[in-house]
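# Chain and residue survey
Listed below, chain by chain, are the residues.
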Amino acid sequence: MLKIVLDDYRHNYKTGLKKYLNSYMVSVHLTMFIIMPISMEGSLPWYYFIIIPLILADMLSIVYGGMENRTLFLCPLSKEQRETYFKTSFWIRISIPMILLGISGSILVVCEQATLLEFFILVVVMLIYVISINICCLPDGKMLPNQSGKMNSSNYYIWSVIIRADGFVNLLAIITEVIDKDDILWIDGVYIGFMTLLQVVALFVAITRYYEPVKQISTDYEALRGSSKSAEKGGNAA
């Protein structure tokens, strides 16, 4: 299944990259990669060690998250195989940036640019963020099947914004503390703790409310066709 997923990624990267280039995250990433480092001087190499895995995580979730996997519907795959495809793709998008962060973070610890505690906090917060953005990865909440109650497109959009904004800002705060090598003041600890708690809440909502619907969209042809029809109706109404 891993070979099928990677082959799909290879054939769909142009479509996914176009989706990424049309997203607001391009501006955010350019700011992080070019503008923010201007004032860092000697800390610049260490900054890139941590920031590149974060940018890669965002890119993978946008380029390959929520994409229409034609292989699942053109090939004679069973429902169980399609679900295995979804889970494999999901964990690839999580594993790649986390492995890269593990390598770069370990180098920082060995070079005494970060403590083990800082490295541990960074990994935990990053993991929460990466899982969350790969669940809330649909380009349009209207794609969600069987919307009712709290599980609707408006709430999906709100939680998606919370997940990206809170997680991103929290990670930047932690990265800044690590790069500056300053002692973490109690007010900074309270701030990071509160932001992390909000991330945990958002992750819980994402897993309990949206994981199954997003999986259904990615593995159930009828659900995908239904979401396409809803999108078409919305476009015609507009």
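The notes below deal with the structure included here. (Residues numbered from 1 in each chain as written. Predicted model: local features only at pLDDT ≥ 70, side-chain atom pairs only at ≥ 80, totals over all residues. Heavy atoms only, no water.)

Okay, a nonpolar patch on the surface next. Together, Leu30, Phe33, Ile34, Ile35, Ile38, Ile52 and Leu100 line one region of the surface with nonpolar side chains, adding up to about 660 Å² of accessible area. Element by element, the count of residues in the nonpolar patch is highest for helix H2 (residues 25–35), at 4 residues. Mapping Ile52 onto the fold places it in helix H3 (residues 44–63). By relative accessible area, which is 37% here, Ile52 ends up partly exposed. (Patch = residues over 30% accessible without salt bridge, like charges linked within 9 Å, V, L, I, M, F, W, Y side chains within 5 Å. Areas by Shrake-Rupley, 256 points an atom, 1.4 Å probe, with all protein chains shown as cover. Salt bridge = Lys/Arg side-chain N within 4 Å of Asp/Glu carboxyl O. Helix = DSSP H or I, 4+ residues; strand = E, 2+ residues; numbered from the N terminus. Buried < 20%, exposed > 50% of the residue type's maximum accessible area, 1.4 Å probe, protein only.)

Turning our attention to the packing of helix H5 (residues 79–110) against helix H6 (residues 116–135). Direction vectors running N to C along H5 and H6 enclose 165°, while the axes themselves pass 10 Å from each other. Between H5 and H6, the angle is such that the two are roughly antiparallel. When you trace H5 past H6, the crossing you get is right-handed. The residues of H6 that touch H5, namely those facing Phe90, Arg93, Ile94, Pro97, Met98, Leu101, Gly102, Gly105, Ser106 and Val109, are Leu116, Phe119, Leu122, Val123, Met126, Leu127, Val130, Ile131, Asn134 and Ile135. (Axes fitted to C-alpha atoms, helices over the stretch in contact; angles between N-to-C directions. Parallel < 35°, antiparallel > 145°, perpendicular 65-115°, else oblique. Left-handed = near helix turned anticlockwise from the far one by under 90°. Contact = heavy atoms within 4.5 Å.)

Mapped onto the elements, Asp166 comes out in helix H7 (residues 153–180). Apart from the residues lying within four places of it in its own chain, the contact partners of Asp166 are Val161, Met195, Leu198 and Gln199.

One pass over the structure, following the stated rule, counts 10 aromatic pairs. Their ring planes at 65° and their centres at 5.6 Å tell us that Tyr47 and Tyr48 sit as a pair that is edge-to-face. Judged by its relative accessible area of 1%, Tyr47 is buried. Ring plane angle 85° and centroid distance 5.3 Å describe the contact between Phe90 and Trp91, whose orientation is recorded as edge-to-face. Given the relative accessible area of 45%, Trp91 is considered partly exposed. In this structure an aromatic cluster arises from ring pairing among Phe86, Phe90, Trp91 and Tyr211. (Phe/Tyr/Trp six-rings, centres within 6.5 Å; stacked < 30°, edge-to-face > 60°.)

Moving on: the environment of Thr84. Considering the arrangement of structural elements, one finds Thr84 in helix H5. Put simply, Thr84 and Val5 are 79 residues apart on the chain and 10.0 Å apart in space, counted from C-alpha to C-alpha.

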